[in-house]
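Residue-level structure breakdown
Here is how the chains run, residue by residue.
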Amino acid sequence: MLTKVSEMTSEQAMTALLSFLVAAPEPQISVSAFAFGDEDDLSKVTITLQEFCDEVRNFILVNSDGGRRAQAFVAACIDVAKPGQTHTPASVNDPSRSSPGDVKTFTEKNGKKHHGPFFVEVKDKIVRRENVESYLASVKQFSDQASAGYAAFANTDEVESKAATALQLPPAEKLTVSSGVPTVLWRSPLELMSQVIAWSAIPASAAIWRCAHNYRYWLNHIDTGVNDSPAEWEKRMLKWGFLP
């Protein structure tokens, strides 16, 4: 095999590598450790969706934990919409090495149904149009059956208004047309949570409850023990009565 590879051009070798990655067995999916169902105590959810998302935004702003807090929150949200299918690497150092994105739901075959893959890039620092377009190109190169999400939490309305037009993030539908990849774009936790609730078709109170517990799980999943992110989030859950 190595002899054959040595005779390939760079383009041929790259194509062969991508073909291998697409066909290779997918990594084991990390499933949320918190089970949901009739035990959801939604009577305790007195916080509104906007208040919850403002708490998340402040939680990320006060200490990004090297990007872990934003990455874990996106995983928690996607885990609400696609429970048991969400994965994010335990290390935030180059989580896109084997496939694009920081948070992923992989291709899943269930009878005749074929789901995924869905690759999500997460940034809590300002990004520009070329960053998003480059990411979408990598998704399409990896799999022409994939869809993509991009969380650009630092790109607030104020940030975008001060940037040159060519640098501003275009609407998701324009990115879909230009890239050929079905794309969703979120510039705030509230925007992401609103879409997740719509996808899941569950009450906002249930989404808040589940996301809060998922967030605790995923923060522990990628925790380094340096910034106490899981413990800091648990303080908020205790304040809301989400933990015993």
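Before going into details, it helps to say that this report is about the structure given with it. Computed from a predicted structure; not experimentally measured.

A word on the pattern of salt bridges
Throughout the structure, instances matching the rule amount to 10 salt bridges. Note that E55 is salt-bridged to K239, the shortest N-O span being 2.9 Å. In this pair, E55 sits in helix α3 (residues 49-62) while K239 sits in helix α10 (residues 229-240), placing the two residues 184 residues apart along the sequence. Owing to a relative accessible area of 55%, K239 belongs among the exposed residues under this scheme. For K235, the salt bridge is made with E232, and the minimal N-O distance between the two is 3.0 Å. Of this pair, K235 and E232 both sit in helix α10, 3 residues apart, which is roughly one turn of that helix. Because the salt bridges share partners, they merge into one network encompassing E55, R236 and K239.

Focus: the side chain of D79
Looking at the secondary structure, you find D79 in helix α4 (residues 68-81). Here D79 occupies a buried position and makes no salt bridge, while the nearest side chain of opposite charge, R210, is found at 9.7 Å.

Examining the sheet that holds strand β7 (residues 183-186)
Strands belonging to one sheet form pairs held by backbone hydrogen bonds; the direction of such a pair is parallel or antiparallel. On the basis of which strands lie adjacent, the open sheet formed by 5 strands has the order β1-β2-β5-β6-β7 and mixed pairing. Sheet topology places β1 (86-87) and β7 at the edges, where each strand pairs with a single neighbour. Pairing analysis gives 6 bridges linking strand β5 (residues 118-123) to strand β6 (residues 147-152), with the strands arranged parallel. The residue of β6 that forms the bridge with K123 is A152.

A look at the pairing of β7
Looking down a regular strand, the side chains alternate between one sheet face and the other. With burial as the criterion, each face of β7 is covered, one bearing T183 and L185 and the other bearing V184 and W186. As defined by bridge partners, β6 adjoins β7 across 4 bridges and the pair is classed as parallel. Across the sheet, residue A151 finds its bridge partner in β7, namely W186.

The rules behind each value
Residues numbered from 1 in each chain as written. Predicted model: local features only at pLDDT ≥ 70, side-chain atom pairs only at ≥ 80, totals over all residues. Heavy atoms only, no water. Salt bridge = Lys/Arg side-chain N within 4 Å of Asp/Glu carboxyl O. Helix = DSSP H or I, 4+ residues; strand = E, 2+ residues; numbered from the N terminus. Buried < 20%, exposed > 50% of the residue type's maximum accessible area, 1.4 Å probe, protein only. Lys, Arg positive; Asp, Glu negative; His and termini not counted. Pairing = 2+ DSSP bridges.

These results come straight from atomic positions and should not be treated as a statement about function.
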